[in-house]
Amino acid sequence: MFRISCERAISRREFLRSAVGTGTAAAMFFASPLRAAALPPTPKTIVVTFGGGARDEETFAPEGQRYIPRLLAELIPQATFYTQVVNRGILGHYVANAGLATGCYETFDNFMPIAPSNPTIFEYYRRDRQRSASDVWVIAPSNGFDHIGESNHTLYGHGLGATVVLPKQLLTLANHHAVADYDQLLRDNYESPIASPLTAKRQDSLHGMAELMKLSMDDFLAHARKSQSPDELSLYIAQHVMQTVAPSLLWITLHDIDIAHSGAFSLYTEAITRTDSICANLWKSVQSNPEYVGKTNLFILPDFGRDSDMSPGGNGFQHHRTGDALSRTTWLMAMGPNIRQGVTVDRPVQSVDLVPTLAHLLGCNARFSRGSLLTEVL
């Protein structure tokens, strides 16, 4: 598997060389061992999981360039880019994203509504830095992610988690008094589309969350009418939270790409291009927001890949169940005022390395994480 992963990293590197031009590429492929300058006292951090599982063929391999134009033209030149990020855990979206948030390979059933067993970066940050829940937000794609913000670890959890926003639930609440049809936006999960109804307690919680965000339900519904996908709702909520609350730690899990389970390649690649645009627009929002510009680090990475077309029983882009190299090996880009631009790192790293790196940047201790520091961005 790792021989194949290395070959994929080489193809990414060669692709980037041709995409950004010879002069820039020469700088990109030299990873200096020098450390970056000291971080500002209170950096902001945004994490975007390029969620839903995306393969090299449709992203950074030569044949995938047309699907990620803004990552290539706008973000990669500003970033440190890791070409080999390996996920050794369970390849289910909720459990994999929980692993990204805890720095441990979580092992629970992907379709069970339970909290991670290991502390999340949100709990580490809130406990060690004495931060309130309003300073740490998670925007997640479906009801299944309701528990991702707080673990059931005995030393953490218990009110130390993030404020978790599920835009589809907000839309369901708002839609009680609307006549428009939002079925396309309310589909809960591309593998298991049944969503749980909102309880009275949850409705009260959502009303309180909307008040905290100063969110107008009428404005939200108006935006939903113009949205093509659930991830566009997530971007809207993220931008609104940044404008009204300005949290120090914001985690956004995207999921449109998982429409690949429908078996329609065109919908899959269309979702990749939409995710590409969402990532670029989010970084643009950072640059236009005085609370974030000049002091925000952005990390973007897929939760995992998708199966190879050559894997027996994998069904190629449609699924992520074989555990082959293409389904486990992805990439990560990091950018910010203290992260070097135009650097590519070819050494293999793991997806669980994200949390200890975030903890170092945020000034907290991810004591139970199993990953290692991504030293190139520190």
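Here is a short report on the structure shown in this document.

Rules of the game
Residues numbered from 1 in each chain as written. Predicted model: local features only at pLDDT ≥ 70, side-chain atom pairs only at ≥ 80, totals over all residues. Heavy atoms only, no water. Phe/Tyr/Trp six-rings, centres within 6.5 Å; stacked < 30°, edge-to-face > 60°. Helix = DSSP H or I, 4+ residues; strand = E, 2+ residues; numbered from the N terminus. Buried < 20%, exposed > 50% of the residue type's maximum accessible area, 1.4 Å probe, protein only. Lys NZ or Arg CZ within 6 Å of the ring centre and 35° of its normal. Axes fitted to C-alpha atoms, helices over the stretch in contact; angles between N-to-C directions. Left-handed = near helix turned anticlockwise from the far one by under 90°. Contact = heavy atoms within 4.5 Å. Nonpolar A, V, L, I, M, F, W, Y, C, P; charged D, E, K, R; others polar. Pairing = 2+ DSSP bridges. Core = buried A, V, L, I, M, F, W, Y, C linked by side-chain atoms within 4.5 Å.

### Here's the deal with the packing of aromatic side chains
Argument step 1. On inspection of all chains with the given rule, the structure shows 13 aromatic pairs.
Argument step 2. Considering the side-chain rings of Phe81 and Trp331, the 6.1 Å spacing of their centres and the 25° angle between planes classify their relative orientation as stacked. With Phe81 in strand β2 (residues 80-86) and Trp331 in strand β7 (residues 329-335), this pair connects stretches of sequence that are 250 residues apart. Like Trp331, Phe81 is buried.
Argument step 3. Look at Phe122 and Trp251: their rings are 5.5 Å apart centre to centre, the planes differ by 85°, and that puts the pair in the edge-to-face class. Residue Phe122 is found in helix α5 (residues 121-129), and its partner Trp251 is found in strand β5 (residues 249-253); the two are separated by 129 residues along the sequence.
Argument step 4. Connected via pairs of aromatic rings, a cluster forms that spans Phe50, Phe60, Phe81 and Trp331.
Argument step 5. Sitting over the face of the ring of Tyr292, Lys44 holds its NZ or CZ atom 5.0 Å from the ring centroid.

### Considerations on the packing of helix α9 (residues 217-226) against helix α10 (residues 230-244)
When two helices pack together, their arrangement is given by the angle between the helix axes and the distance between those axes.
Argument step 1. Between α9 and α10, the least distance of the axes is 10 Å, while the angle of their chain directions is 145°. The element α9 and its partner α10 pack so that their crossing is right-handed. Note on element contacts: α10 touches α9 through Glu232, Leu233, Tyr236 and Ile237, opposite Asp219, Phe220, His223, Ala224 and Lys226.
Argument step 2. Residue classes in the contact of α9 with α10 are distributed as 5 nonpolar, 1 polar and 3 charged.

### Here's the deal with the pairing of β2
Argument step 1. The buried fraction of β2 is high, at 7 of 7 residues.
Argument step 2. Bridging between β2 and β7 involves 5 bridges; their strand directions are antiparallel. When the sheet's bridge partners are listed, Val85 is paired in β7 with Thr330.
Argument step 3. Across 3 bridges, β2 lies against strand β8 (residues 343-345) in parallel orientation. Within β8, the position partnered with Thr80 by the bridge is Val343.
Argument step 4. Pairing of β2 with strand β9 (residues 349-350), which is carried by 2 bridges, proceeds in the parallel orientation. Each residue of the ladder has a partner; that of Val86, found in β9, is Gln350.

### Some points on the environment of Pro116
Argument step 1. Note on placement: Pro116 falls in the loop between α4 (93-102) and α5.
Argument step 2. According to the relative accessible area criterion, Pro116 is buried, its value standing at 0%.
Argument step 3. In this structure Pro116 touches Tyr94, Ala98, Thr102, Glu106, Phe108, His147, Ile148, Glu150, Ser151 and Asn152, once residues within four positions along its chain are discounted.

### Describing the nonpolar core
Argument step 1. Ile46, Ile237 and Met333 are the most contacted members of the largest nonpolar core, which totals 59 residues.
Argument step 2. In terms of residues, this core owes the most to one element, helix α11 (residues 265-288), which gives 8 residues.
Argument step 3. In this structure, Ile46 is in contact with Met242, Leu250, Ile252, Leu282, Val286, Tyr292, Thr296, Asn297, Leu298 and Phe299, ignoring residues within four places of it in sequence.
Argument step 4. Core analysis: the next-biggest nonpolar cluster, separate from the first, contains 43 residues, Phe108, Leu332, Val345 and Leu378 among them.

### Here's the deal with the pairing of β5
Successive residues of a regular strand alternate their side chains across the two faces of the sheet.
Argument step 1. Of all 5 residues that make up β5, 5 are buried, and the element is covered over most of its length.
Argument step 2. Of the two faces of β5, the one carrying Leu249, Trp251 and Thr253 and the one carrying Leu250 and Ile252 are both buried.
Argument step 3. Sheet topology note: the strand β1 (residues 44-49)/β5 ladder contains 5 bridges and is parallel. Residue pairing across strands places Ile46 opposite Leu250, the latter belonging to β5.
Argument step 4. One ladder, built from 4 bridges, connects strand β3 (residues 136-139) with β5; its direction is parallel. Bridge pairing in β5 links Trp137 to Leu250.

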